[in-house]
There are 2 protein chains.
Amino acid sequence: MIHPSAASIKVLGFDVFGTVVDWRSSVIAKGEQLGQAKGITIDWAAFADAWRGAYRPSLDRVQKGEQPWTKLDNLHRASLEQILTQFKIEGLRNDEIDHFNRIWHRLKPWPDSVAGLQRLKTGFVITTLSNGNISLLTNMAKHAGLPWDCILCAESVRHYKPDAEVYRLIPELFDLEPEQVMLLAAHENDLQAAQKHGLKTGFVHRPLEHGSGKASSIPPAGTFDFVAKDFLDLADQLGV
Amino acid sequence: MIHPSAASIKVLGFDVFGTVVDWRSSVIAKGEQLGQAKGITIDWAAFADAWRGAYRPSLDRVQKGEQPWTKLDNLHRASLEQILTQFKIEGLRNDEIDHFNRIWHRLKPWPDSVAGLQRLKTGFVITTLSNGNISLLTNMAKHAGLPWDCILCAESVRHYKPDAEVYRLIPELFDLEPEQVMLLAAHENDLQAAQKHGLKTGFVHRPLEHGSGKASSIPPAGTFDFVAKDFLDLADQLGV
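What you are looking at is a predicted structure, and each value in this text was computed from that prediction instead of being measured. (Residues numbered from 1 in each chain as written. Chains lettered and ligands numbered in written order. Predicted model: local features only at pLDDT ≥ 70, side-chain atom pairs only at ≥ 80, totals over all residues.)

(A) Expanded view of the overall build of chain A. Within chain A, the regular secondary structure consists of eleven helices and eight strands. Taken over C-alpha atoms, the radius of gyration comes to 18 Å for chain A, in line with the 18 Å a tight globule of 240 residues would show. For chain A, the spread of C-alpha atoms along the principal axes amounts to about 55 × 35 × 30 Å. Counting over 240 residues, chain A shows a buried share of 41%. Contacts in chain A between residues far apart in sequence, at least 24 positions, make up 66% of those at least 6 positions apart. (Helix = DSSP H or I, 4+ residues; strand = E, 2+ residues; numbered from the N terminus. Rg over C-alpha atoms; globule rule 2.2 N^0.38 Å. Buried ≥ 20, exposed ≤ 12 C-beta atoms within 10 Å, placed from the backbone. Contact = placed C-beta atoms within 7 Å.)

(B) Broad picture of the relation of the copies chain A and chain B. Laying chain A over chain B is done by rotating through 180° and shifting 0.0 Å along the axis; what remains is an RMSD of 0.0 Å. On this basis, the relationship between the two copies can be described by a two-fold rotation axis. Of the C-alpha atoms belonging to chain A, the one lying closest to the rotation axis is found on C150 of chain A, 2.7 Å away. Most of the interface of chain A is mirrored in chain B, where 100% of its interface residues again form contacts. (Least-squares fit on C-alpha atoms with pLDDT ≥ 70 in both.)

(C) Expanded view of the interface of chain A and chain B. Taken together, the contacts link twelve residues of chain A with twelve residues of chain B. Per element, the largest residue contribution to the side of chain A that touches chain B is five residues, and it comes from helix α7 (residues 134-144) of chain A. For the side of chain A that touches chain B, the per-class residue count stands at seven nonpolar, two polar and three charged. (Nonpolar A, V, L, I, M, F, W, Y, C, P; charged D, E, K, R; others polar.)

(D) Quick look at the sheet that holds strand β1 (residues 11-14) of chain A. Residue and element names in this part refer to chain A. In spatial order, the strands read β5-β4-β1-β6-β7-β8; together these six strands make up an open sheet with parallel pairing. In this open sheet, the two edge strands, each paired with only one partner strand, are β5 (150-153) and β8 (226-228). Going from strand to strand, the sheet's axes swing by 25° on average, the running direction of each strand aside. The pairing of β1 with strand β4 (residues 125-130) spans four bridges and is parallel. (Pairing = 2+ DSSP bridges. Axes fitted to C-alpha atoms, helices over the stretch in contact; angles between N-to-C directions.)

(E) Quick look at the domain arrangement of chain A. All names here are of chain A. In terms of domain boundaries, chain A breaks down into domain 1 (4-22 + 108-238) and domain 2 (24-105). Each partner contributes residues to the interface: domain 1 has 17 residues there, and domain 2 has 13 residues. Elements supplying a minimum of two residues to the side of domain 1 that touches domain 2: β2 (21-22) and α7. Across the side of domain 1 that touches domain 2, the residue classes break down as four nonpolar, seven polar and six charged. (Domains from an automatic or database assignment.)

(F) Quick peek at the packing of helix α1 (residues 23-38) of chain A against helix α2 (residues 44-53) of chain A. Residues and elements named next belong to chain A. Between α1 and α2, the least distance of the axes is 9 Å, while the angle of their chain directions is 125°. Taken together, the axis directions place α1 and α2 in an arrangement best described as oblique. In terms of crossing hand, the pair formed by α1 and α2 is right-handed. Between α1 and α2, the contacting residues are W23, R24, V27, I28, G31, E32 and G35 on the first element and W44, A45, F47, A48, W51 and R52 on the second. Taken together, the residues of the contact of α1 with α2 break down into eight nonpolar, two polar and three charged. (Parallel < 35°, antiparallel > 145°, perpendicular 65-115°, else oblique. Left-handed = near helix turned anticlockwise from the far one by under 90°.)

(G) Focus on the environment of Q118 of chain B. Inspection of the secondary structure assignment puts Q118 of chain B in helix α6 (residues 113-121). Between the C-alpha atom of Q118 of chain B and that of K108 of chain B, which follows or precedes it by ten residues, the distance is 16 Å.

(H) Broad picture of the sheet that holds strand β4 (residues 181-185) of chain B. Residue and element names in this part refer to chain B. Taken in spatial order, the six strands line up as β3-β2-β1-β4-β5-β6 in an open sheet, and their pairing is parallel. Of all the strands in the sheet, the pair left with one neighbour each is β3 (150-153) and β6 (226-228). Strand-to-strand, the axes of this sheet are offset by a mean angle of 25°, without reference to chain direction. Both strand β5 (residues 200-204) and β6 contribute to a ladder of three bridges, which runs parallel. Residue V204 lies in a different strand from β6, and its bridge partner there is A228.

(I) Structural context of the pairing of β4 of chain B. Residue and element names in this part refer to chain B. Burial within β4 is extensive, with five of its five residues counted as buried. Neither face of β4 is exposed, since V181, L183 and A185 on one face and M182 and L184 on the opposite face are all buried. In the sheet, strand β1 (residues 11-14) pairs with β4 via four bridges, with the strands oriented parallel. By the bridge assignment for β4, L12 is matched with M182. Two strands pair when backbone bridges link them, and β4 and β5 are joined in this way by four bridges, in the parallel orientation. Considered in β5, the bridge of L183 is made with T201. For the segment spanning β4, helix α10 (residues 188-196) and β5, crossover handedness is right-handed. (Right-handed = clockwise from strand over helix to strand, strands pointing away.)

Encoded structure:
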């Protein structure tokens, strides 16, 4: 059944890490490749979780003004150096660390992401609305075949989510009312912030984001405008 | 033969109006449609030229600071009202004028544009680098099937070409040296400004931009890094 509010929505903005791509198993896989090449034997799942664990604190430092605007690639690079030390990984050249840091440009989409976005693109403008930087999201799309209509993100306004500037960006650029724009995300806090600025919201369940057995719960009916199992289910609900 | 400097180039930025799309015959065709629907008989080619003639002066007012930052859609809308008066076209409703103003979101690509960009996209990141605004370029791409990897433009930096900010944008976002980025345009002044900021440049000849018999001349060898008949010729020269 097509959801009644689908007709008024013009643009879909997508959170990316966790919602569109599976950052965790991608980082683990590339870590294991590096480990084999360099003879490093550590728990790459713990490594992936530690690196991602440094993400929110690094954004917070920029948001609180403790650090000037810094694109996510550079925040990732700084936290990577700390995580390498923490896991006692030594002897990598600078260019090897740079290359490893760009794992985030080559993350794997969830199995439904490409086919789902292709369907959604037939009825809506589809854009990223991520904390990732423009080159990261552009390279990721090229690598993974994500068919975005445009790339919008924190870097477009030099503010990280959940700052208001990010959620106001799509209505402003497309001359739309906030309720004509919907944010899709696997994270309730992102969606709650979008609601505060009047956007429609769709929760997409990604039970494997943090590994098996660590699924987030599905929010109760009425919390968000849409709750979807994946992008194909979302396309069904939106009638495309 | 593949040009020797092709290997070092990573991102291609494209001027859009005239270079990728045929604004003039698109505006004429939509004008004639409006004319038939409303019983307006004027010279739509003269109308198109007058509207486009107001473009550069309107950008200049923003660049000189006589007017605050205004996106191209709104500059087009203001000049459209003057041109309608000049051509004695009366009685259009506001929403009809808005719709007509969005002709610029639905311009037709040159015959080689889509196929050429598809080939170029296999070897390079391809992005707009236009004075058009983000929604205009996004809607145009969707309408015409232009396969951009991302949408970058004057609105991304709130400066119109030939301001430095526009030419510096791609190297800054993609962490590249200016010479790893090439601007493609059918207009020598745009390319000359790009050269000033160290970008590689490619002239694409669009002899019909201003109508038949008004072709711009082809710049002498050595003026720009590449001179191409169209995007397919450019793809040949770049080896993709």
